[in-house]
Amino acid sequence: MTTAMILPTGYTERPLALADAAAVTRVMAADELATVGEVVIELADIVSEWQRPSFDISASTIGVVDTAGDLVGYAECSGGSRADAAVHPDHWGRGLGTALAGWIATKAGELGEPVIGMPVPQGSPGDRLLASLDWFPRWESWVLALPQDAAIPVRELPEAYAIRAATPQDHEQVWTVIEDAFLEWSEREREPYADWVATTIERPGAEPWNIRVVTGPEGAVVAAAVLVMTEDGREGYVSRLATRKGQRNRGLAQALLADAFGTARAHGATRATLSTDSRTGALDLYLHVGMEVESTWVHRATRP
């Protein structure tokens, strides 16, 4: 059983459930606004992650409530070496972040994880707090955007290759291409197919055209991208992009990016974004298609 957090007077902890997703979203949104000046998190982000069949919400999350019973902080061990946490800015400076970081480390130890970490904006209060707790940097990541007035780059495919929306018959191939590529540099277990479905195909608001594929001469999926549209439809975020090993250096990823940007604009988006980190070596690819770095993040981690 997880050791109880040591919280300041006036705060108590409680486990969370899927019904708390909206409250968690509000806390994270307030934290983001105070930290980076904009809100990125959406309810669908939390719901899609928490509805994964492998994720036990009550065992893997914790909430902090104030005397009024309002949720003001939360943390989760998301699976593998991933974690996340947030504290409402009205309650910063009271030790809640330190308590939640301690809970994450304890929970990770219970789960048998040798290391656990989370991304924080470089130089932010969260970054400084984790550094003070001796959480070490593992890698950097960047959020990039295609400027609103930028022309979508034209990228031609090799002969006999084609881009289109994925069909249900393609989905398992898409999952395989993405997982194979990500596991070349990511130290984690293969994501179960059912979990991938929960965060993509079954994500609230998802549309069939959100998953884009490149097919090769034999008709098989050789590259894939997952496009997430924000709730207001103004932004298209490429959450995953991968090319099958042996099919690289043919311009498939650049063509797929251009297709995703064009698809997002065709459905009303004025912004196109994605994120990458220093493990992938893909930053130059995104800069080459005209994207610009908007923010830099640090993945800080600890060993339970």
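As a reminder, the structure under discussion sits directly above these lines.
Residues numbered from 1 in each chain as written. Predicted model: local features only at pLDDT ≥ 70, side-chain atom pairs only at ≥ 80, totals over all residues. Heavy atoms only, no water.

Engineer: Is there a simple way to explain the pairing of strand S9 (residues 221–229) in this structure?
Structural biologist: Extensive coverage of S9 is indicated by the burial of 9 of its 9 residues. The loop that links strand S8 (residues 211–215) with its antiparallel partner S9 comprises 5 residues; one of these, Gly 219, has a positive phi angle of about 90°. For S9 and strand S10 (residues 235–243), the ladder comprises 7 bridges, and the chain directions are antiparallel. By the bridge assignment, Leu 227 is partnered in S10 with Val 238. Hairpin connection between S9 and S10: a loop of 5 residues separates the two successive antiparallel strands, and Gly 233 in this loop has a positive phi of roughly 75°. (Buried < 20%, exposed > 50% of the residue type's maximum accessible area, 1.4 Å probe, protein only. Helix = DSSP H or I, 4+ residues; strand = E, 2+ residues; numbered from the N terminus. Pairing = 2+ DSSP bridges.)

Engineer: Please clarify how the pattern of salt bridges should be interpreted in this entry.
Structural biologist: Where side chains of opposite charge bring their charged atoms close, a pairing between them can arise. On inspection of all chains with the given rule, the structure shows 15 salt bridges. Where Arg 188 meets Glu 179, a salt bridge forms, and the shortest distance between an N and an O atom there is 2.9 Å. A relative accessible area of 2% places Glu 179 in the buried class. In this structure, Asp 180 engages Arg 190 in a salt bridge whose closest nitrogen and oxygen atoms are separated by 2.6 Å. Here Arg 190 lies in the loop between helix H6 (171–182) and helix H7 (193–199) and Asp 180 lies in helix H6, a separation of 10 residues in the sequence. Through salt bridges with shared partners, a single ionic network connects Glu 49, Arg 52 and Arg 82. (Salt bridge = Lys/Arg side-chain N within 4 Å of Asp/Glu carboxyl O.)

Engineer: Any chance you could explain the nonpolar core here in plain terms?
Structural biologist: It is characteristic of soluble globular proteins that their nonpolar side chains tend to be buried jointly. One finds Val 238, Leu 241, Leu 257, Phe 261 and Tyr 286 to be the most contacted residues of the largest nonpolar core, which totals 27 residues. Only strand S6 (136–146), S9, S10, helix H8 (252–266) and strand S11 (271–277) provide two or more residues apiece to this core. A per-element tally of this core places H8 first, with 7 residues. In contact with Phe 261, not counting residues within four places along its chain, are Leu 146, Ile 152, Val 238, Ala 272, Val 289 and Met 291. By size, the runner-up hydrophobic cluster in this structure holds 22 residues, among which are Met 5, Ala 83, Leu 100 and Ala 108. (Core = buried A, V, L, I, M, F, W, Y, C linked by side-chain atoms within 4.5 Å. Contact = heavy atoms within 4.5 Å.)

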